[in-house]
Amino acid sequence: MAVAIFLLVIVVGSVIFTFLSPWWFLEIASNWGGIDLTVLITFWVCGVVFVAVGLFMAYSTWKFRHKEGARADYRPENTRLEWGLSIITTIGVVAMLAPGLIVWDDYVRVPDDAQEFEVMAKQWGWAFRFPGEDGKLGTVDVRNINIDNPFGMNSDDPNGADDVLINSNTVHLPVNQPFKALLRSTDVLHDFFVPEFRAKMDAVPGMITYFWFEPTKIGEYEILCAELCGRGHYTMRGEVRIDTAEDFDAWLASQPTWTQMQAGISPKVYSAEGRRGREVADANGCFACHSLDGSQVVGPTWQDFWGSERALTGGETAMADEAYIVESIREPAVKLVEGFAPVMIPYDAETISDADVAALIAFLREETGPEAAPEEAASP
Amino acid sequence: MAEAAAAGHATIIKDWSSDVTTFKGVPWGKAMMWIFLLSDTFIFSIFLTSYMTVRMTTVEPWPNASEVFSLTMFGVPVPLLLIAIMTFDLITSSGTMALAVNYGYRRDKKRAVRYIYLTALFGAIFVGMQVFEWSKLIEEGVRPWGNDWGAAQFGACFFMITGFHGMHVSAGVIYLLIVAHLIKRGRYDNTNYEIVEIVGLYWHFVDLVWVFIFAFFYLW
Amino acid sequence: MAQAEIPYQEALPLHDPHTWIEKYWFSQDHKVIAVQYGITAMAVGLVALVLSQIMRIQIGFPEFGAAIGITPDIYYQSITMHGMIMVIYLLTAFLLGSFGNYLIPLMLGARDMVFPFVNMISYHVYLLSVVVLLLSYFVPGGPTGAGWTLYPPQAILSGTPGVDWGIITMLGSLAIFIVAFTMGGLNYITTILQARTRGMTLMRMPLSVWGIFVATILGLLAFPALFVSAVMMILDKLIHTSFFMPAIASQFDSAASAYDGGSPLLFQHLFWFFGHPEVYIVALPAFGVVSDLLSVHARKNIFGYRMMVWAIVFIGVLSFIVWAHHMYVAGMHPYFGFFFATTTLIIAVPTAIKVYNWTITLWKANIRFTVPMLFAIAFVITFVVGGLTGLFLGNVIVDVPLSDTYFVVAHFHMVMGVSPILVIFGGIYHWYPKITGRMLNDTIGKWHFWITAVGTYLIYFPMHYLGFVGVPRRYYDNVLAAGGESAFYPQSAATLNEWISITAFVVGAAQLLFVYNLVASYWRGRPAGDNPWQATSLEWRTPQTPPVHGNWGEKLPTVHRWAYDFSVPGEKEDFIPQDVPRTEAARS
């Protein structure tokens, strides 16, 4: 008896839960209504089967529970019933599969008027590239990547000169314009996923993957990385802002092209020690998480870092001086800047020697201090 | 012909629907060896499939097999000479193995043991030549992580797959020696010497795998 | 021709143990080996259970989790170890190593496995693999945190926890496990094919044996893919070959520049060529065992035996051509989607037939609600949910919004986490009397059942809906980085996660009841007798309970009928064991 009630409660409870649940797809903001439709078809077909099987079991366990003197039926097979059920199941499967494949065909066939843009994923952030006026993206190579060339552009490819580079987690796109997103990754697997768009695709190092979508609703949507990419996976969020075409054009025009970016690299004068510190930072990938221009990536920015007051998790503050830097490299989890996750790995003296740390400190003082004083640092 | 096929078909159904054993008259050890070899086939197939995939997806050019694997004889580079000898050696060992099985079933213990030893000797020679080939390639600068002629995966695949096969041959040689020793000691005197056929199955399998490795590595 | 098989088996000298260590440690008796496998698998499973509680603390109460020191590293290491232990070292090892070892010779009327020595080695190699796996916790850097799928490049690059040694111990342990499994598996298949007793045809075998048989074949053909990829990844890690590693500009790993030209997708194909059959390696024995439990306790023959057998075989074959449905959004050629979606949904048909036949078995039955039966019924309803949600994820376009979300987590826990575990519990309650000669305590068993069955449903059913919202899986923290509320993670979702966590703590704790029951009943349980459930298959017909070494007396039993002669009309008893000869009266 208890079992029959248990089964009944599961069936009825699941149905009620489904109707009362506040958790359902977020309001769609792309052309992929077809995906929602196929999900719904699948949902209803499966739901009906679930209710039918569940109720049948509930009834059977109640009706045919053990009774004194009762005896079960003896019926090893019933070919007609078995084949009948198989055929009904096959029909149900086709009813789900056929629309699914039709929409998938749509998903993999990019329309001719789709514009291309590139999504570059890296641990743990996003960057974007638009093809510029010539409509062609320049070639890239991950081996070219350094602090001055975060996208790994091939400088000798003319197509790349006017590429618009967005080295930030936020990208804008115009509404009602189909886009083909070309995905690449510089290090490990990532996945570009905006729940409101429904679409997603992995970014795989060494190859370019793609998917297409058309934003249909103006607004701001969060980009999630949906493929485990290391200890900072959950911090790898971005934002896509859907604008009107005019707003988008204005925004795009304000972003640097590759040519502008190269011209804008002002060769800053460092002391010998400071220059070496910059090389240390580059070699150890510090700039992956700490920007120099104020943008917040994975870790806190280094803009105006030296000598600043750091607000820490737990309400305390710390002064950004030598001791603080040494501690933050050797034991990063001890003093955590407020709002940031403890994802940085401790670097021991084998990875970054004490001399290298000293160089880094010199670099940080010269680059981010209020008054850079190369002469002073150069003297010893 | 059709009748014979139908009869064969009927026998299969009869055997599979019978009790006790599915494969009539097949000793447990032999059945087990067949199943093991089936599993091992998958290991080698996946090794070779991975090799082909890697070779097709890598961006660097693949080194030219006939140049890499040539042997200089009297000042003339002869492509694939060593490999040809190795292949011949291994196929010969399959022949001697077949003779050993034959003599085993004839209960000619002495000859069976003699041919097993001969097979093991051919196997050992094969491993020796493989050691020679490896050291030659290593001397020429081929490493699992890189080489002078092109894609790094060349060395990686080559050492991994021929190494895995070489381990199979070495294990086979040890297996053959153990079996020969046990036969001499009279361990199998009360049986039909199926053990010779079982070890023979393994040996033929290793030879067969070599043919595929030969085709995929040296002729492609 | 070689030997007249049955007299040969009957006269086969057994390796009789003379010392304690031969009897209980290096035993060659399949029953002892089965118990060894079972205890080891349960012990390591308890470790995985603790890991799941750590995860649930963090997911439900992220602030508390951070306060008690759960870092992202610990979280990712926990999900990895939890997943791998549960799938390989608990489920695979228990269903095949323990149930397989115990049931095959007994149900088929054999003396033992065909090669008891190899069988004994198999267990000890398995033990070694567990030890190497747990060593992960004692090496520098701790266990790997790459997720149980171990996708490269991530799995071997700094930026992921445990890249120093953890990934090596993990891959090494897997390779060792595969060796152990192969030794055991060869034994199971050879025994089933070549060492059945008189009258035991393949189509008279209980479905448990059929499930184990096909699952073992799948294992022998699928594990090679994992073995090969483990070898290649170890080489990539240790000597910088580039099988799976393309050119990489890693921010965290200066050694990454050594790589060039490899293919990360190749690993995924190999992994899932193993990984999908692995699902059925776990599911098929569970299917088989649950069929037997339902039939025995419903006092009715399993409905459509032949269809059930062919469904198992058909599912087994198909499972090799569906692997890429785990990779719809992995960046492989999109046209593969059409093929793999079709093959995947075809599998739904034989699977649905199995579900129908289980439920129809209950129709006009005479159901005794024993503890094993309770677990079997809970399995069916759980499996229905898990199977149906599989249709979402198998249908390529429906998978696109749902993959990598909590929908996937809920689905696979339902279908290959909870379902087979329920069967394992049911099986233990069912066969414990045969293994020990004593019944498990019924009251504790019912408590254990209700908490587990209701609890797991409450945990995993609502979790699907988090997936619809878009909550991604494998997130250490959903709000922290965004600094507040996110569209994809509303406050209500956080509340739901708290409730799921609390339920998970209760269910986790309830498993201690089960462990207590197992231990206490060994001494204090009610004596069971030879056939407490009045079942028909051969394992209940041994001359002694628990069966002694060699299982049967002088002569092996002779089988005269299938394993499901329950409630045969015109018979006095409502069950006729398989070794009872057919009489005129029995023919109706």
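Keep in mind that this is a model prediction, so the values were computed, not measured.

Conventions and cut-offs
- Residues numbered from 1 in each chain as written.
- Chains lettered and ligands numbered in written order.
- Predicted model: local features only at pLDDT ≥ 70, side-chain atom pairs only at ≥ 80, totals over all residues.
- Helix = DSSP H or I, 4+ residues; strand = E, 2+ residues; numbered from the N terminus.
- Buried ≥ 20, exposed ≤ 12 C-beta atoms within 10 Å, placed from the backbone.
- Contact = placed C-beta atoms within 7 Å.
- Pairing = 2+ DSSP bridges.
- Axes fitted to C-alpha atoms, helices over the stretch in contact; angles between N-to-C directions.
- Parallel < 35°, antiparallel > 145°, perpendicular 65-115°, else oblique.
- Left-handed = near helix turned anticlockwise from the far one by under 90°.
- Nonpolar A, V, L, I, M, F, W, Y, C, P; charged D, E, K, R; others polar.
- Core = buried A, V, L, I, M, F, W, Y, C linked by C-beta atoms within 7 Å.
- Expected span 1.5 Å × (residues − 1).
- Bend = angle between axes of the 7 residues up to and from the residue.
- pLDDT = per-residue confidence, 0-100.

> Please explain the overall build of chain A as it appears in this structure.
Within chain A, the regular secondary structure consists of nine helices and twelve strands. Overall, chain A is about 105 × 55 × 35 Å in size when its C-alpha atoms are taken along their principal axes. The buried share among the 380 residues of chain A stands at 38%. For chain A, the share of sequence-separated contacts (at least 6 apart) that also reach a separation of at least 24 residues comes to 67%.

> I tried to follow the overall build of chain B on my own but got confused; where do I start?
When helices and strands are tallied, chain B shows seven helices and two strands. Counting helices and strands in the order they occur from the N terminus, chain B gives α-α-α-β-β-α-α-α-α. Considering only intrachain contacts with a sequence separation of at least 6, the fraction spanning at least 24 residues in chain B is 72%.

> Mind showing me how you'd approach the sheet that holds strand E4 (residues 170-174) of chain A here?
Neighbouring strands of a sheet are bound in pairs by backbone hydrogen bonds; such pairs are parallel or else antiparallel. All names here are of chain A. Strand order in the open sheet formed by five strands is E4-E10-E9-E6-E7, and the pairing between neighbours is mixed. The sheet terminates laterally at E4 and strand E7 (200-203), the two strands that pair on one side only. Strand-to-strand twist in this sheet, taken as the mean axis angle between neighbours without regard to direction, amounts to 25°. Sheet analysis places E4 next to strand E10 (residues 237-243), joined by five bridges and oriented parallel. Bridge pairing in E10 places Val171 opposite Val240.

> What is the right way to read the environment of Ala453 of chain C from this model?
In this fold, Ala453 of chain C is placed in helix H15 (residues 442-469). The sequence separation of Ala453 of chain C and Leu374 of chain C amounts to 79 residues, and the corresponding C-alpha distance is 9.1 Å.

> Help me understand the packing of helix H11 (residues 336-362) of chain C against helix H12 (residues 371-394) of chain C in this model?
What describes two packed helices is the angle between their axes and the distance between those same axes. Residues and elements named next belong to chain C. Contact geometry of H11 with H12 gives a least axis separation of 10 Å together with a crossing angle of 165°. In terms of orientation, H11 lies roughly antiparallel with respect to H12. Seen from above, H11 lies across H12 with left-handed handedness. Residues Ala341, Thr344, Leu345, Ala348, Thr351, Val355, Trp358 and Thr359 of H11 pack against Val380, Phe383, Val384, Gly387, Leu391 and Gly394 of H12. Split by residue class, the contact of H11 with H12 holds nine nonpolar, five polar and no charged.

> Explanation requested: the interface of chain B and chain C in the structure shown.
One frequent convention defines the size of an interface as the accessible area lost when the parts assemble. Contacts between chain B and chain C engage 38 residues on the former and 40 residues on the latter. Listed by contribution, the elements that provide at least two residues to the side of chain B that touches chain C are helix H2 (28-57) and helix H6 (153-185) of chain B. The greatest single-element share of the side of chain B that touches chain C, amounting to 15 residues, is contributed by H2 of chain B. Across the side of chain B that touches chain C, the residue classes break down as 23 nonpolar, twelve polar and three charged.

> It is not clear to me how the arrangement of the chains should be interpreted in this structure. Could you clarify?
Sorting the two pairs of chains in contact by contact count puts chains A and C at the top. The least C-alpha distance between chain A and chain B, which are not in contact, is 10 Å.

> Teacher, can you tell me more about the packing of helix H6 (residues 116-135) of chain C against helix H7 (residues 166-194) of chain C here?
Residue and element names in this part refer to chain C. Where H6 meets H7, the closest approach of the two axes is 8 Å, and the angle between their N-to-C directions is 165°. Accordingly, the angle class assigned to the pair H6 and H7 is roughly antiparallel. At the point where H6 passes H7, the crossing takes the left-handed sense. Two secondary-structure elements touch here, H6 through Val118, Asn119, Ile121, Ser122, Val125, Tyr126, Leu128, Ser129, Val132, Leu133 and Leu135 and H7 through Thr169, Met170, Gly172, Ser173, Ile176, Phe177, Val179, Ala180, Met183, Gly184 and Asn187. Here the contact of H6 with H7 is built from residues that sort into 14 nonpolar, eight polar and no charged.

> Would you explain the pairing of strand E1 (residues 115-122) of chain A in this entry?
Each regular strand carries side chains that alternate between the two faces of the sheet. All names here are of chain A. Across seven bridges, E1 lies against strand E5 (residues 179-185) in parallel orientation. Across the sheet, residue Glu116 finds its bridge partner in E5, namely Lys180. Pairing between E1 and strand E2 (residues 125-130): five bridges, direction antiparallel. Across the sheet, Ala121 pairs through a bridge with Trp126, a residue of E2. In this antiparallel pair of consecutive strands, E1 and E2, the connection spans two residues.

> Would you mind going over the nonpolar core with me for this structure?
It is characteristic of soluble globular proteins that their nonpolar side chains tend to be buried jointly. Among the nonpolar cores identified, the biggest contains 361 residues, and Ile116 of chain B together with Val209, Phe375 and Val380 of chain C are the most heavily contacted of them. Counting residues per element, this core draws most heavily on helix H5 (residues 72-108) of chain C, which supplies 24 residues. Not counting chain neighbours up to four residues away, the residues in contact with Val380 of chain C comprise Met57 of chain A together with Val355, Trp358 and Thr359 of chain C.

> Please explain the environment of Val279 of chain C as it appears in this structure.
Tracing the backbone through its elements, the reader meets Val279 of chain C in helix H9 (residues 264-298). In this structure the C-alpha to C-alpha distance between Val279 of chain C and Pro264 of chain C, which are 15 residues apart in sequence, comes to 22 Å.

> What should I look at first to understand the sheet that holds E5 of chain A in this one?
All names here are of chain A. The sheet built from five strands is open, its strands ordered E3-E2-E1-E5-E8 with mixed pairing. Each edge of the open sheet carries a strand with a single partner, namely strand E3 (164-166) and strand E8 (209-213). Each strand of the sheet is rotated relative to its neighbour by a mean of 25°, with strand direction disregarded.

> Please clarify how the interface of chain A and chain C should be interpreted in this entry.
Each partner contributes to the interface: chain A provides 91 residues, whereas chain C provides 101 residues. Secondary-structure elements contributing two or more residues to the side of chain A that touches chain C are helix H1 (2-20), helix H2 (33-63), helix H3 (79-108), strand E6 (190-193), E7 and strand E9 (219-225) of chain A. Considering each element in turn, the side of chain A that touches chain C owes the most residues, 14 residues, to H3 of chain A. For the side of chain A that touches chain C, the class distribution of residues is 53 nonpolar, 22 polar and 16 charged.

> Would you mind showing me how to read the pairing of E8 of chain A here?
All names here are of chain A. Within E8, four of the five residues are buried, leaving the element largely enclosed by the surrounding structure. In this sheet, E8 lies alongside E5 in antiparallel orientation, the contact comprising five bridges. Across the sheet, Ala181 pairs through a bridge with Phe211, a residue of E8.

> For this particular structure, what's the right way to read H5 of chain C?
Because an α-helix packs 3.6 residues into every turn, residues spaced three or four apart end up facing the same way. All names here are of chain C. For H5, which comprises 37 residues, the first-to-last C-alpha distance of 50 Å matches the rise-based estimate of 54 Å (1.5 Å per residue) to within 8%. Along H5, the helix axis deviates most sharply at Gly100, where the bend reaches about 45°. With 36 of its 37 residues buried, H5 lies for the most part within the structure. Positive phi appears at Gly109, one or two residues downstream of H5, with a value of about 70°.

> When you look at the confidence of the model for chain A in this model, what are you seeing that I'm missing?
Do not read the predicted coordinates in detail wherever pLDDT is low. Scored by pLDDT, chain A comes out at a mean of 87, with 96% of its residues at no less than 70. This stretch, residues 372-380 of chain A, has a pLDDT under 50; its non-local contacts, to residues over four places away or in other chains, come to 14 contacts.

> Explain the confidence of the model for chain B to me, please; I cannot follow it from the model alone.
Here chain B averages 89 in pLDDT, and 98% of its residues register 70 or above. Confidence estimates for the predicted assembly give a pTM of 0.91 and an ipTM of 0.92.

> What exactly am I supposed to notice about unusual backbone geometry here?
Backbone phi values are negative for most residues with the exception of glycine, while trans is the configuration of most peptide bonds. Residues Gln123 of chain A and Trp124 of chain A are joined by a peptide bond in cis, for which omega reads -15°. With respect to the helices, strands and loops of the structure, Trp124 of chain A is situated in the loop between E1 and E2. Along the chain, Pro152 of chain C connects to Pro153 of chain C via a cis peptide bond; the corresponding omega equals 0°. Inspection of the secondary structure puts Pro153 of chain C in the loop between H6 and H7. Backbone geometry places Arg299 of chain C, a non-glycine residue, at a positive phi of 55°. Tracing the backbone shows Arg299 of chain C in the loop between H9 and helix H10 (305-318).

> Explain the environment of Glu22 of chain C here, please?
With respect to the helices and strands, Glu22 of chain C occurs in helix H2 (residues 20-24). Beyond its immediate sequence surroundings of up to four residues, Glu22 of chain C is in contact with Pro17 and Ser27 of chain C.

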